[in-house]
Amino acid sequence: MSDEHAPAPAGDHAAHEAHAPHFNCWIIFGILCVFTGVSWLADKMGDWGLLHKGVFLTFVVLAVACAKALFVMLYFMHLKFEGKWKFVLLAPTIVLAMAIPAALMPDIGSHYYDYQVPQTMPGAVSEDDAHHGGHTAGGHEKPAKSH
Amino acid sequence: MGIPIPNGKLGMWLFLGTEIMFFTAFIGTYIVLRLGSRGWPADPEVTHIRIWAGGTNTFVLITSSVFVVLAHEAMLMRNYRRVLNWVYATMALAFVFLAIKSYEYYGKYAHDILPGHVAESPQQALDKLVLELDAAAGIQPLQLEENSLANERTIKMGQKGQDKAVEALDTRLADVKERIGWLGGVGKACNPLTEKAKYGRISAADAEKELEQLRTEELPKLVEEKETELKQLAQGALKDDEFKKLKERKNAELKQISDSVRAIGSVHEPHVILWGNTFASVYFIMTGFHALHVVIGMIMFGVIILLGEANKLGPQHEVLVENSGLYWHFVDLVWIFLFPLIYIV
């Protein structure tokens, strides 16, 4: 019988063995759907006034997003079953990825003093404010939704 | 010796590392800009964010990620027909994602939430309304054309042997003047609102109400009057060809007015959204690049489909299928972060 396969590159056999399925992807899918539901529920609880919107909601939904991302990376992208090379590849990437917001935060993200742009001048009003009480522009909190 | 993975897979992971930096640049910038902008529009009713669309897209992408994992498992079992089926299913879900995204983008376009288009103060909203109303009414372009023709006529009058040209210009001028006259009713109806808006003598909310009244009551009445006039047109003492010409002119007048009224129907309501332009900019950058990556993923799946349909899929394509899967999981990963950041927070 002729060999159907081209000569395997070095490491291919080992790689093939390493990639044999170790998990049930539908269970992971279920977990991801549950996490998505948790995000949605947290948002709805904010609307219903059961959860304080703002920093806490942001924390909850971002924590859920990180958990979902971990599951996708560990299982779907097989990183759980790969060697230590994944740290060598990803660590500099993650460090550099966090560096950009960190570098921009002091200049653009935070304001130590009042900053004067048209959007923050007295009397500046947006539809957001008009919908929810008519306060002047300010704050990062998401106001309660109107129905 | 070396990392125990194929070179192609290592290459894909290195590429994904750069892609992580690519997206964290945009997402990081969005976070920083948002934190630094007091009064950022958080209400989805204002920014026309549809949470159900984002949630559905999250579910679609997660499901497509599962299909890609199943395609790879089928590849390991050398079941190429099954590989093809799962890749087709992934492709179908990718189209669903793009369809929902297109619907969302159309909503943004319809409400003019585009970078550089959003009014950030009441006077900006009113100025924008005046500009749009003037453009929609269509009188100004005709007035510009009239000036241009009049200038050309003056020049030709001073030149010898240009009598025919002057005659032709006279005919065109008369036509343009007649068209301006036709739109007199439209201009008169819009004038009270544009005059108040130009000088800030009306609030954005009241301007919106007046615009609605203009669109639903005054302008349709104008069109109705012209239609009635056309129906009641009687030949009287006119000859056949004269009556035919008159009817044609009346039809042209009705069409001109109807076109103007229809264009005014598309004028955007005056809405003020603080930081709306920055919001639109980061929104389209993040979701636009993500959609572009979805399309690139679809091209990769297209290659697998073509190979599969030509019965050329073989063990040598295992790395291709795995790499396409890795890329697709990355696209899903980005959306997992985009969804809460844009739709929920």
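Bear in mind the structure is a predicted one, so any value in this text is a computation, not a measurement.

Enquirer: How do you make sense of the nonpolar core when you look at a structure like this?
Expert: Soluble globular proteins: nonpolar side chains tend toward being buried together. Counting residues in each nonpolar core, the largest one holds 91 residues, and the members touching the most others are Phe76 and Met77 of chain A together with Trp13, Leu16, Val294, Phe330 and Tyr343 of chain B. Going through the elements one at a time, α2 (25-47), α3 (55-76) and α4 (85-109) of chain A together with α1 (7-35), α3 (51-76), α4 (80-110), α11 (276-309) and α12 (318-344) of chain B are the ones with two or more residues in this core. With 16 residues, α12 of chain B is the single largest residue contributor to this core. The residues contacting Met77 of chain A, other than those within four sequence positions of it, are Val72 of chain A together with Trp13, Leu16, Leu326, His329, Phe330 and Leu333 of chain B. One finds Leu169, Ala207, Leu214 and Leu222 of chain B within the second-largest nonpolar core, a separate group that totals 32 residues.

Enquirer: Just to check I follow, could you spell out the environment of Glu167 of chain B for this structure?
Expert: Mapped onto the secondary structure, Glu167 of chain B falls in helix α7 (residues 163-182). For Glu167 of chain B and Arg153 of chain B, which are 14 residues apart along the polypeptide, the C-alpha to C-alpha distance reads 9.0 Å.

Enquirer: Sorry, what's going on with the pattern of salt bridges here?
Expert: Should their charged atoms come close, side chains of opposite charge can pair. Residue and element names in this part refer to chain B. This model, assessed by the stated rule, comprises 20 salt bridges over all chains. The partner of Lys226 in a salt bridge is Glu253, with the nearest N and O atoms 3.0 Å apart. Residue Lys226 is located in helix α9 (residues 204-231), and its partner Glu253 is located in helix α10 (residues 240-265); the two are separated by 27 residues in the primary sequence. Among the salt bridges present, the one from Lys250 reaches Glu253, with a minimum N-O distance of 3.8 Å. In this pair, Lys250 and Glu253 both sit in helix α10, three residues apart, roughly one turn of the helix. When its relative accessible area of 22% is taken as the criterion, Lys250 is described as partly exposed. Under the relative-accessibility criterion, Glu253 is labelled buried at 8%.

Enquirer: What is the right way to look at the side chain of Asn323 of chain B in this model?
Expert: Within the element layout of this structure, Asn323 of chain B appears in helix α12. In terms of polar contacts, Asn323 of chain B uses its side chain to reach the backbone carbonyl oxygen of Gly8 of chain B, at 3.2 Å.

Enquirer: I'm lost on the interface of chain A and chain B in this one. Help?
Expert: By convention, interface size is frequently given as the accessible area that disappears when the constituent parts associate. Counting from both sides, the interface comprises 62 residues of chain A and, opposite them, 66 residues of chain B. At the boundary of chain A with chain B, the tally comes to one salt bridge. One salt bridge in this structure joins Lys9 of chain B and Glu82 of chain A, with 2.5 Å as the shortest N-O distance. Between the two partners, chain A and chain B, sit four residue pairs in polar contact (both at pLDDT 80 or more). Where the side of chain A that touches chain B is concerned, the elements lending two or more residues are α1 (12-18), α2, α3, α4 and α5 (127-131) of chain A. No other element matches α4 of chain A, which puts twelve residues into the side of chain A that touches chain B. Here the side of chain A that touches chain B is composed, by residue class, of 36 nonpolar, 18 polar and eight charged.

Enquirer: I would appreciate a short explanation of the packing of aromatic side chains in the present structure.
Expert: Both the distance between ring centres and the angle between the ring planes are used here to describe each pair of aromatic rings. All names here are of chain B. Counted by the stated rule, this structure contains 25 aromatic pairs over all chains. Judged by centre distance (6.1 Å) and plane angle (55 degrees), the ring pair of Tyr105 and Tyr283 falls under tilted. Separated by 178 residues along the polypeptide, Tyr105 in helix α4 and Tyr283 in helix α11 bring together distant segments of the chain. Looking at Tyr105, the relative accessible area reads 23%, which means it is partly exposed.

Enquirer: Could you clarify how one ought to interpret the packing of α11 of chain B against α12 of chain B in this entry?
Expert: Residues and elements named next belong to chain B. α12 packs onto α11 with a crossing angle of 160 degrees between their chain directions and a minimal axis gap of 10 Å. The angle between the axes of α11 and α12 places the two elements in the roughly antiparallel class. Crossing of α11 over α12 shows left-handed handedness. Along the lines of polarity and charge, the residues of the contact of α11 with α12 split into 20 nonpolar, six polar and no charged.

Enquirer: Could you clarify how one ought to interpret unusual backbone geometry in this entry?
Expert: Trans peptide bonds make up most of the peptide bonds, and negative phi angles are found at most residues other than glycine. Residue and element names in this part refer to chain B. Backbone geometry at Asp112 places phi at a positive 60 degrees, although glycine is not the residue there. By the secondary structure assignment, Asp112 is in the loop between α4 and α5 (122-137). The class of Asp112 is buried, set by a relative accessible area of 7%. One non-glycine residue with positive phi stands out, namely Asn311, at about 55 degrees.

Enquirer: Sorry, what's going on with the side chain of Gln256 of chain B here?
Expert: Tracing the sequence through the fold places Gln256 of chain B in helix α10. Setting aside residues no more than four positions away along its own chain, Gln256 of chain B makes contact with Leu142, Arg179, Trp182 and Leu183 of chain B.

Enquirer: I keep staring at the environment of Ala42 of chain B and nothing clicks. Help me out?
Expert: Mapped onto the fold, Ala42 of chain B is located in the loop between α1 and α2 (44-47). A relative accessible area of 9% means that Ala42 of chain B is categorised as buried.

Thresholds applied
Residues numbered from 1 in each chain as written. Chains lettered and ligands numbered in written order. Predicted model: local features only at pLDDT ≥ 70, side-chain atom pairs only at ≥ 80, totals over all residues. Heavy atoms only, no water. Core = buried A, V, L, I, M, F, W, Y, C linked by side-chain atoms within 4.5 Å. Buried < 20%, exposed > 50% of the residue type's maximum accessible area, 1.4 Å probe, protein only. Helix = DSSP H or I, 4+ residues; strand = E, 2+ residues; numbered from the N terminus. Contact = heavy atoms within 4.5 Å. Salt bridge = Lys/Arg side-chain N within 4 Å of Asp/Glu carboxyl O. Polar contact = N/O pair within 3.5 Å; in protein donor to acceptor, adjacent residues only side chain to side chain. Nonpolar A, V, L, I, M, F, W, Y, C, P; charged D, E, K, R; others polar. Phe/Tyr/Trp six-rings, centres within 6.5 Å; stacked < 30°, edge-to-face > 60°. Axes fitted to C-alpha atoms, helices over the stretch in contact; angles between N-to-C directions. Parallel < 35°, antiparallel > 145°, perpendicular 65-115°, else oblique. Left-handed = near helix turned anticlockwise from the far one by under 90°.

Function cannot be read off these values alone, since they describe shape.
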